[in-house]
Amino acid sequence: MNIVKQFIEEILKEDASNIDPVSAVGQYAHRGQTRRTGQPYFSHPENVAKIVKKYYPANKVAWNSALLHDTFEDAIEQGNVVDEEELISFIHDAIEEEKLASRILEVVMLLTKPKDANYADYLLFLSKDP
């Protein structure tokens, strides 16, 4: 987690002490990536997480998974992490409770669409896992 906080403080010139660690990992994973609107890409996972939190306010797994749902699809490709192992390590470091971290990783991995997967088939696959 120190590398993420260091990035935020040195590169973004922001105080990282009040930033949610999971949000920081998501921001780091999407560093340099923008949406078609020009906004930082991380605004998308943040907006999804806000919707999830509205309907499931006590569900930490859902909220944090929403914040991280595109990280495995983008972080390596963007060059922000070396490989999946490094990203997994960042996520584990951001979430103190091991059981919670493992479940969030499980959900995020399930939500990660394989590169060559047909989108309709991917959605059908997701619909089979509550």
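Residues numbered from 1 in each chain as written. Predicted model: local features only at pLDDT ≥ 70, side-chain atom pairs only at ≥ 80, totals over all residues. Heavy atoms only, no water.

Peer 1: Sorry, what's going on with the overall build of the chain here?
Peer 2: Assigned secondary structure in the chain consists of eight helices and zero strands. When the elements of the chain are put in sequence order from the N terminus, they spell out α-α-α-α-α-α-α-α. Buried positions account for 37% of the 130 residues belonging to the chain. Surface exposure of the chain reaches about 8,200 Å², of which carbon and sulfur atoms provide 52%. (Helix = DSSP H or I, 4+ residues; strand = E, 2+ residues; numbered from the N terminus. Buried < 20%, exposed > 50% of the residue type's maximum accessible area, 1.4 Å probe, protein only. Areas by Shrake-Rupley, 256 points an atom, 1.4 Å probe, with all protein chains shown as cover.)

Peer 1: Please explain the pattern of salt bridges as it appears in this structure.
Peer 2: A full pass over the atoms with the stated rule returns two salt bridges. Among the salt bridges present, the one from E77 reaches K115, with a minimum N-O distance of 3.0 Å. On the criterion of sequence distance, the pair formed by E77 in helix α5 (residues 71–78) and K115 in the loop between α7 (98–111) and α8 (119–127) is long-range, its members being 38 residues apart. The pair E77 / K115 is uniform in exposure class, with both members exposed. Its salt-bridge partner being R103, residue E106 comes within 3.1 Å of it at the nearest N-O pair. Residue E106 and its partner R103 are located together in helix α7, separated by three residues, close to a single helical turn. (Salt bridge = Lys/Arg side-chain N within 4 Å of Asp/Glu carboxyl O.)

Peer 1: Teacher, can you tell me more about helix α4 (residues 60–68) here?
Peer 2: Since there are 3.6 residues in each turn of an α-helix, residues three or four apart along the chain are aligned in direction. Residues of α4 that are buried include every one of V61, N64, S65, A66, L67 and L68, and no others. Taken together, the buried residues of α4 touch α2 (21–29), α3 (43–55), α5, α6 (84–94) and α7. At the N-terminal end of α4, a side-chain oxygen is found 3.1 Å from the backbone nitrogen of V61, two or three residues along, and the residue is N59. (Contact = heavy atoms within 4.5 Å. Polar contact = N/O pair within 3.5 Å; in protein donor to acceptor, adjacent residues only side chain to side chain.)

Peer 1: Sorry if this is basic, but what is going on with the side chain of N80 here?
Peer 2: Note that N80 resides in the loop between α5 and α6. Of the polar contacts made by the side chain of N80, one reaches the backbone oxygen of R31; its length is 3.0 Å. Setting aside chain neighbours within four positions, we find N80 in contact with Y28, A29, H30, R31 and A75.

Peer 1: Would you mind going over α5 with me for this structure?
Peer 2: Those residues of α5 that fall on the buried side of the exposure criterion are T71, F72, D74 and A75. Buried-residue contacts for α5 involve α2, α4, α6 and α7.

Peer 1: Would you mind showing me how to read a nonpolar patch on the surface here?
Peer 2: Side chains of I51, Y55 and Y56 sit close together on the surface and give an oily, nonpolar patch of about 380 Å² of accessible area. Tracing the backbone shows Y55 in helix α3. A residue is classified by how much of its surface remains accessible, and Y55, at 55% relative accessible area, is exposed. (Patch = residues over 30% accessible without salt bridge, like charges linked within 9 Å, V, L, I, M, F, W, Y side chains within 5 Å.)

Peer 1: Explain the packing of α6 against α7 here, please?
Peer 2: A pair of packed helices is captured by two measures, namely the crossing angle of their axes and the spacing between those axes. Contact geometry for α6 and α7: axes closest at 10 Å, N-to-C directions at 135°. Classed by the angle they form, the pair α6 and α7 counts as oblique. Crossing hand, α6 versus α7: right-handed. Within the contact between the two elements, α6 uses E84, I88, I91 and H92 and α7 uses E98, A101, S102, L105 and M109. Counted by class, the contact of α6 with α7 contains five nonpolar, two polar and two charged residues. (Axes fitted to C-alpha atoms, helices over the stretch in contact; angles between N-to-C directions. Parallel < 35°, antiparallel > 145°, perpendicular 65-115°, else oblique. Left-handed = near helix turned anticlockwise from the far one by under 90°. Nonpolar A, V, L, I, M, F, W, Y, C, P; charged D, E, K, R; others polar.)

Peer 1: How should the packing of α2 against α6 be read in this particular structure?
Peer 2: Running from N to C, α2 and α6 point in directions that differ by 160°, and their axes come no closer than 8 Å. Considering the angle they form, α2 stands roughly antiparallel to α6. Relative to α6, the crossing made by α2 is right-handed. Contact residues: α2 offers P21, V22, V25 and Y28, while α6 offers L87, F90, I91 and A94. For the contact of α2 with α6, the class distribution of residues is eight nonpolar, no polar and no charged.

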